[in-house]
Amino acid sequence: MTDDAERHHSSYINVPEAVGIFDTFESLQKAIYDLMIAGFSRYDISLLADQKVLEEKLGKAFWTAPELADNPDAPRAAFVSEEAIGELEGAIAGGLFFLGSYIAMMALLTPASTIAASIAAIAIGGSPTAVLGTLLARRVGRHHKDFYANQIKHGGILLWVRTWDKDKAELAVKILKGHSGRDVHVHDWSE
């Protein structure tokens, strides 16, 4: 096999998969939460990958969600909740504030420094890195929102759910339809 053929080679497993298309992030998120409450593993739930990965794997051709719903070569991504993005944003901003404060504090921890000077150094040293952290956190949040907006622009957000038996398939279809999933159906393979 050539390098290009190896890079674009997909393997498939013989596990049925429910698929649906969602018009809003909120309905998608509710469907995913209900799937997990119903016993589906987060490892059995996947979304369409972002635009850059799509272009690398499928080329720059225009695509729509319905065209890719049953395409076994459509690249997948894991679902990331709004809560997880919020936690990541907090960790970035807080972590950089802590790092700047720590560096400033270590610079002033000498026998001659006072507690007041050390506290001031922590606040002053942490502020620039907190601003940087906040900007980076906002960029993460913006990327997350752009990811879903791009998919909605292309016909909706694709969701795949591996269903290991007929009962799970029926349950997944019911949940996807119950949260306004469109074109909900089951196909016999999964990536």
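Shown above is the structure to which this text applies.
Residues numbered from 1 in each chain as written. Predicted model: local features only at pLDDT ≥ 70, side-chain atom pairs only at ≥ 80, totals over all residues. Heavy atoms only, no water.

A. Examining the overall build of the protein chain more closely. When you go through the protein chain residue by residue, the secondary structure sums to seven helices and five strands. Reading the protein chain from its N terminus to its C terminus gives the helix and strand order α-β-α-β-α-α-β-α-α-β-α-β. Considering only intrachain contacts with a sequence separation of at least 6, the fraction spanning at least 24 residues in the protein chain is 84%. (Helix = DSSP H or I, 4+ residues; strand = E, 2+ residues; numbered from the N terminus. Contact = heavy atoms within 4.5 Å.)

B. Highlighting the environment of Y43. Topologically, Y43 is positioned in the loop between α2 (25-37) and β2 (45-48). Within polar-contact distance, the side chain of Y43 engages the side chain of R42 at 2.8 Å. (Polar contact = N/O pair within 3.5 Å; in protein donor to acceptor, adjacent residues only side chain to side chain.)

C. Expanded view of the sheet that holds strand β5 (residues 182-187). Across the sheet, which stays open at both edges, the five strands sit in the order β3-β2-β4-β1-β5 with antiparallel pairing between neighbours. Since the sheet does not close on itself, it has two edges, and those belong to β3 (76-77) and β5, each with one partner. Pairing of strand β1 (residues 17-22) with strand β4 (residues 157-162) involves six bridges; the strand directions are antiparallel. Bridge assignment links G20 to a residue of β4, and that residue is L159. Sheet strands in contact with helix α7 (residues 166-178) are β1, β4 and β5, and its direction is about 5 degrees off that of β1. (Pairing = 2+ DSSP bridges. Axes fitted to C-alpha atoms, helices over the stretch in contact; angles between N-to-C directions.)

D. Summary view of the packing of aromatic side chains. In total, this model carries two aromatic pairs according to the counting rule given. Ring geometry for F147 against Y148: centres 4.8 Å apart, planes inclined by 80 degrees, an arrangement best described as edge-to-face. A cation over a ring is seen here: R76 above W160, with NZ or CZ 3.7 Å from the ring centre. In this structure, K168 is placed above the aromatic ring of F40, and the distance from its NZ or CZ to the ring centre is 4.5 Å. (Phe/Tyr/Trp six-rings, centres within 6.5 Å; stacked < 30°, edge-to-face > 60°. Lys NZ or Arg CZ within 6 Å of the ring centre and 35° of its normal.)

E. Structural detail: the nonpolar core. Membership of the largest hydrophobic core comes to 21 residues, with the highest contact counts inside it found for L28, L35, L47, Y148, L159, V161 and L176. Those elements that place two or more of their residues in this core are β1, α2, β2, α6 (115-153), β4 and α7. A total of five residues in this core trace back to one element, the largest contributor, which is α2. Here L28 is in contact with F22, L47, F79, Y148, I157 and L159, once residues within four sequence places are set aside. Core analysis: the next-biggest nonpolar cluster, separate from the first, contains eleven residues, A69, A74, L158 and W160 among them. (Core = buried A, V, L, I, M, F, W, Y, C linked by side-chain atoms within 4.5 Å. Buried < 20%, exposed > 50% of the residue type's maximum accessible area, 1.4 Å probe, protein only.)

F. Highlighting the packing of α2 against α7. Contact pair α2 / α7: the axes reach a minimum separation of 9 Å and the direction vectors enclose 150 degrees. The angle between α2 and α7 falls in the class roughly antiparallel. When the axes of α2 and α7 are compared, the crossing they make is right-handed. Contacts between α2 and α7 involve A31, D34 and L35 from the first element and A172, I175 and L176 from the second. By residue class, the composition of the contact of α2 with α7 is five nonpolar, no polar and one charged. (Parallel < 35°, antiparallel > 145°, perpendicular 65-115°, else oblique. Left-handed = near helix turned anticlockwise from the far one by under 90°. Nonpolar A, V, L, I, M, F, W, Y, C, P; charged D, E, K, R; others polar.)

G. Inspection of the environment of L47 at higher detail. Looking at the element boundaries, L47 is found in strand β2. For the pair formed by L47 and A74, sequence separation is 27 residues and the distance between their alpha carbons is 9.7 Å.

H. Spatial organisation of α2. Relative to the 18 Å expected for 13 residues at 1.5 Å per residue, α2 spans 18 Å between its end C-alpha atoms, a close match to the ideal helical length. Here α2 has its buried residues at F25, S27, L28, Q29, A31, I32 and L35. G39 sits one or two residues past α2 and shows a positive phi near 105 degrees. (Expected span 1.5 Å × (residues − 1).)

I. Region of the structure containing the pattern of salt bridges. Counted under the stated rule, the structure contains three salt bridges. The partner of R76 in a salt bridge is E17, with the nearest N and O atoms 3.0 Å apart. One end of the pair, R76, is in strand β3; the other, E17, is in strand β1, with 59 residues separating them in the sequence. By relative accessible area, which is 2% here, E17 ends up buried. R182 is the salt-bridge partner of D23, the closest N and O atoms lying 2.9 Å from each other. Residue D23 is located in the loop between β1 and α2, and its partner R182 is located in strand β5; the two are separated by 159 residues in the primary sequence. (Salt bridge = Lys/Arg side-chain N within 4 Å of Asp/Glu carboxyl O.)

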